[in-house]
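Next come the chains, spelled out residue by residue.
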Amino acid sequence: MKARIINIKTLKEKKYDELDLGDYYNNLFGTIESKTMFFFYGTSGSGKSVFTISLANHFCNHIKAKALYCSHEEALKKSMRDRANNFRIESSRLYIGQNIDFETLLEKIRRNYYRMAIIDSVQYMQFTYEQLKRLNAEFAKRKLIVVLVSFGTTYKKPACNNEIMHACDVKVFFDAGVATIDSRYLDTVKKIRLFSPQTTAVQQKTLF
């Protein structure tokens, strides 16, 4: 990011390119900017993968833009297909990539003009803080939403380099169906229950 100094009056009058995600997501995250980084972390079965792909599906339909979901853990297994069917993931603008490495990811975003890129997970892709900085530099002039998915069993303690989490604008910790949201676009930390962790059927009825 280029060095720059402005006075407080200029800052207060500065206009930002905001992204309207609709009432539900605006209420969760605040009104985000068109270039925003999300960090989702939690244990297996905590709801983060369903939330992530549902957000991507909504983004594609609401913004009318393409998203690339890079799946490394599940890739194109039956569980990914079942999730798409069970939770009505149907946007033709949403693409699923299997085991895409970092250099290929850059090339795919560059060539196909994806407006959202999802890495699931940081651990399986071996994604680094240096790569995050390069991703931001590469697409500094593009309205790109980046979503990073990570393991983590404790709030504010993901199972990856903390620098990656701290660099993101919106952090969401998932635990047994509850999402704890830290967003730079909100004044306070927010908690919501996505589902009661008993059965997949219950999840389908109560996630959104």
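Residues numbered from 1 in each chain as written. Predicted model: local features only at pLDDT ≥ 70, side-chain atom pairs only at ≥ 80, totals over all residues. Heavy atoms only, no water.

What to know about the overall build of the chain
For the chain, the helix and strand inventory stands at nine helices and eleven strands. Expected size for 208 residues packed as a compact globule is a radius of gyration near 17 Å; at 17 Å, the chain falls within 12% of this value. By principal-axis analysis of the C-alpha atoms, the chain measures approximately 55 × 35 × 35 Å. For the chain, buried positions account for 47% of its 208 residues. Of the contacts made within the chain by residues no fewer than 6 positions apart, 70% connect residues no fewer than 24 positions apart. Carbon and sulfur atoms form 48% of the exposed surface of the chain, whose accessible area is close to 11,300 Å². Computed over 33 positive and 21 negative side-chain charges, the separation of the two mean positions in the chain equals 2 Å. (Helix = DSSP H or I, 4+ residues; strand = E, 2+ residues; numbered from the N terminus. Rg over C-alpha atoms; globule rule 2.2 N^0.38 Å. Buried < 20%, exposed > 50% of the residue type's maximum accessible area, 1.4 Å probe, protein only. Contact = heavy atoms within 4.5 Å. Areas by Shrake-Rupley, 256 points an atom, 1.4 Å probe, with all protein chains shown as cover. Lys, Arg positive; Asp, Glu negative; His and termini not counted. Charge placed at Lys NZ, Arg CZ, Asp CG, Glu CD.)

So, the pairing of strand β7 (residues 145-154)
In the case of a regular strand, side chains alternate between the two sheet surfaces. In terms of burial, β7 is largely enclosed, as seven of its ten residues are buried. Bridge count for strand β6 (residues 116-120) against β7 is five bridges, and the pairing is parallel. Within β7, the position partnered with Asp120 by the bridge is Val149. Note that β7 and strand β8 (residues 157-158) share two bridges and pair antiparallel. Bridge assignment links Thr154 to a residue of β8, and that residue is Lys157. Hairpin connection, β7 to β8: the antiparallel pair is bridged by two residues, and Lys156 has positive phi, about 70°. (Pairing = 2+ DSSP bridges.)

A short note on the pairing of strand β11 (residues 190-193)
As paired elements, strand β10 (residues 178-183) and β11 share four bridges and run antiparallel to each other. Considered in β11, the bridge of Ile181 is made with Lys190. Taken together, β10 and the strand that follows it, β11, pair antiparallel across an intervening segment of six residues.

What about the pattern of salt bridges?
The final tally for this structure, using the stated rule, is nine salt bridges. A salt bridge links Lys143 to Asp17, with the shortest nitrogen-to-oxygen separation between them at 2.9 Å. Remark: Asp17 occurs in the loop between α1 (8-13) and β1 (18-19) and Lys143 occurs in the loop between α7 (129-138) and β7; sequence separation between them is 126 residues. Through salt bridges with shared partners, a single ionic network connects Glu107, Arg110, Arg111 and Glu138. (Salt bridge = Lys/Arg side-chain N within 4 Å of Asp/Glu carboxyl O.)

Things to note about the packing of aromatic side chains
Under the criterion given, the structure shown has 15 aromatic pairs. Between Phe29 and Phe38, the ring centres sit 5.0 Å apart and the planes meet at 65°, which makes this aromatic pair edge-to-face. In this structure, Phe29 and Phe38 share a single accessibility class: buried. Ring-pair connections join several aromatic residues into one group, and the members of that group are Tyr24, Tyr25, Phe29, Phe38, Phe40, Phe51 and Phe174. Residue placement shows Lys66 over the ring face of Tyr114; its charged tip is 5.2 Å from the ring centre. (Phe/Tyr/Trp six-rings, centres within 6.5 Å; stacked < 30°, edge-to-face > 60°. Lys NZ or Arg CZ within 6 Å of the ring centre and 35° of its normal.)

As for the nonpolar core
One finds Phe29 and Met116 to be the most contacted residues of the largest nonpolar core, which totals 35 residues. Ranked by the residues each element gives to this core, the list is headed by helix α3 (residues 48-63), at seven residues. When sequence neighbours within four positions are dropped, the list of residues in contact with Met116 reads Leu55, Ala56, Phe59, Lys66, Ala67, Leu68, Leu144, Ile145 and Val147. (Core = buried A, V, L, I, M, F, W, Y, C linked by side-chain atoms within 4.5 Å.)

Re a nonpolar patch on the surface
A grouping of Ile6, Ile8, Leu11 and Tyr16 is seen on the molecular surface, where their side chains present a nonpolar patch of about 370 Å² in accessible area. Relative to the helices and strands, Ile6 is located in the segment before α1. Here Ile6 falls in the partly exposed class, since its relative accessible area comes to 36%. (Patch = residues over 30% accessible without salt bridge, like charges linked within 9 Å, V, L, I, M, F, W, Y side chains within 5 Å.)

What about the environment of Val189?
Within the secondary structure layout, Val189 lies in the loop between β10 and β11. Spatially, the C-alpha atoms of Val189 and Asn27 are 12 Å apart, while their sequence positions differ by 162 residues. Setting aside chain neighbours within four positions, we find Val189 in contact with Tyr155, Thr180, Ile181 and Asp182.

By themselves, these figures tell us nothing about what the structure is for.
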